[in-house]
Amino acid sequence: MSQAVEVVGLYVRDQDEALAFYVDKVGFRVHTDVRNGDYRWLTVQHPDQPSFQLGLFAPGPPVHDAATAQTLRAIVAKGAMPPLVLNVDDCRAAYDWMRARGVEFTQEPMDRYGTVDAGFRDPSGNGWKMIQARR
Amino acid sequence: MARASRASGAGVRRDPAGQDPELLRRLLRARDRMDAASHENWPVRRLARVSGVSEAHFARSFKQAFGVPPHRYLLTRRIERAVALLRDSELSVTEVAFATGWESLGTFGRIFRDITGESPRAIRTRARASAHELGQVPACVLSAAHRPDLTISVLEKRRQQVGAIKTAPKPRRSDESSSRSGRSVRARSR
């Protein structure tokens, strides 16, 4: 399919830190990591979802002035950005795997009417729900 | 890129109107902990420890970051949980009060009215009145379960629908125990 959403981005406080988090602790892989001066275009993707990339972008020049960048970092750090959802086959297994790697969980796995969900945050403050659908 | 944002301390800018993002991230951690266990006691000392700041600094910074003092935030979260339990479980009002972290029924009722504008029983009565609408709920509930942290909004919508319809309350208080087996206890205990 050639028509689709291909990249959706997050703001992160530090791209190296975010890269290590999403690759080593969540299990994503790097799709693109290129620089142009101070600018770094960095995307990762879920290994089972090659058509979609998650951008890990740092507020700052040349895209943002200093005050705007600071505001964006603050919004992320307050947890005010919209939630993200990760679908998994086995929420508890994923929780154990990620927790062993030091992921900061905000909610342990909970059963809700046949689905199981947990919550975690990335180092910057972006919040995720991890959901195992009803079988 | 945010080279100046983090590693080099000298580059961390604090404009007068804004708080340091690193501090905000640690305050968020304390808020997350309250969200995860709002029935527990969260004295400022405990929250400050989670955030790694002094007690005096914590209370002031939390309010600046999230718009309400930490204690008020906790009370609000507890009442939100209580509202959900009143509607979605068969727990008595007293049981709901204790399950959501209150030590006194009187305090629970007072804060509940303060935050919601209604009494626990009024909310339960209206939830019961709308029980006939719950035939559609499985799909709703399913989507609510998929929708991160939006339970309140879903319940809010239901309440608005009920308010608009103004259905007369069913007198179900008396046969609560007989209906117990027919309704699942959708208690969100954590």
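Calculation notes
- Residues numbered from 1 in each chain as written.
- Chains lettered and ligands numbered in written order.
- Predicted model: local features only at pLDDT ≥ 70, side-chain atom pairs only at ≥ 80, totals over all residues.
- Heavy atoms only, no water.
- Helix = DSSP H or I, 4+ residues; strand = E, 2+ residues; numbered from the N terminus.
- Rg over C-alpha atoms; globule rule 2.2 N^0.38 Å.
- Buried < 20%, exposed > 50% of the residue type's maximum accessible area, 1.4 Å probe, protein only.
- Areas by Shrake-Rupley, 256 points an atom, 1.4 Å probe, with all protein chains shown as cover.
- Lys, Arg positive; Asp, Glu negative; His and termini not counted.
- Charge placed at Lys NZ, Arg CZ, Asp CG, Glu CD.
- Domains from an automatic or database assignment.
- Contact = heavy atoms within 4.5 Å.
- Buried area = accessible area lost by both parts, 1.4 Å probe.
- Salt bridge = Lys/Arg side-chain N within 4 Å of Asp/Glu carboxyl O.
- Polar contact = N/O pair within 3.5 Å; in protein donor to acceptor, adjacent residues only side chain to side chain.
- Nonpolar A, V, L, I, M, F, W, Y, C, P; charged D, E, K, R; others polar.
- Pairing = 2+ DSSP bridges.
- Axes fitted to C-alpha atoms, helices over the stretch in contact; angles between N-to-C directions.

Broken down by element type, chain A carries 3 helices and 8 strands. Each helix and strand of chain A, placed in order from N terminus to C terminus, yields the pattern β-α-β-β-β-α-β-α-β-β-β. Computed over C-alpha atoms, the radius of gyration of chain A comes to 16 Å, within 12% of the 14 Å expected from 2.2 N^0.38 for 135 residues, which places it in the range of a compact globule. Buried residues in chain A amount to 50% of all 135 residues. Accessible area for chain A stands at about 6,700 Å²; split by element, carbon and sulfur atoms hold 52% of it. Across chain A, the 15 positively charged side chains and the 17 negatively charged ones have centroids separated by 4 Å.

It is worth spelling out the domain arrangement of chain B at this point. All names here are of chain B. Each assigned domain of chain B is listed with its residue range as follows: domain 1 (20–67) and domain 2 (69–163). Between domain 1 and domain 2, the residue contacts involve 13 residues of the former and 11 residues of the latter. Carbon and sulfur atoms supply 62% of the area buried between domain 1 and domain 2, which totals about 1,000 Å² over both sides. For domain 1, the biggest contributors to the area lost against domain 2 are Asp35, Ser38 and His39; these three give 45% of the whole. Taken together, the links from domain 1 to domain 2 amount to 1 salt bridge. One salt bridge connects Asp35 with Arg77, and the closest N-O pair in it is separated by 3.5 Å. Linking domain 1 with domain 2 are 4 residue pairs in polar contact (both at pLDDT 80 or more), by the criterion used here. Among the elements of the structure, helix 1 (21–36) and helix 3 (55–66) are those that each provide at least two residues to the side of domain 1 that touches domain 2. Ranked by the residues each element gives to the side of domain 1 that touches domain 2, the list is headed by helix 3, at 4 residues. Of the residues contributing to the side of domain 1 that touches domain 2, the split by class is 6 nonpolar, 3 polar and 4 charged.

Attention shifts here to the sheet that holds strand 7 (residues 115–121) of chain A. All names here are of chain A. Taking strand neighbours across the sheet as the criterion, the 4 strands line up as 5-8-7-6 in an open arrangement whose pairing is mixed. What marks the edges here is a single partner per strand, and that holds for strand 5 (84–87) and strand 6 (104–112). For this sheet, the mean angle separating the axes of adjacent strands, direction not counted, is 20°. Here strand 6 runs beside strand 7; their pairing, made up of 6 bridges, is antiparallel. If you follow Met110 over to strand 7, its bridge partner there is Asp117. Packed on one face of the sheet, helix 3 (residues 91–100) meets strand 6, strand 7 and strand 8 (127–132) and runs near 165° to strand 6.

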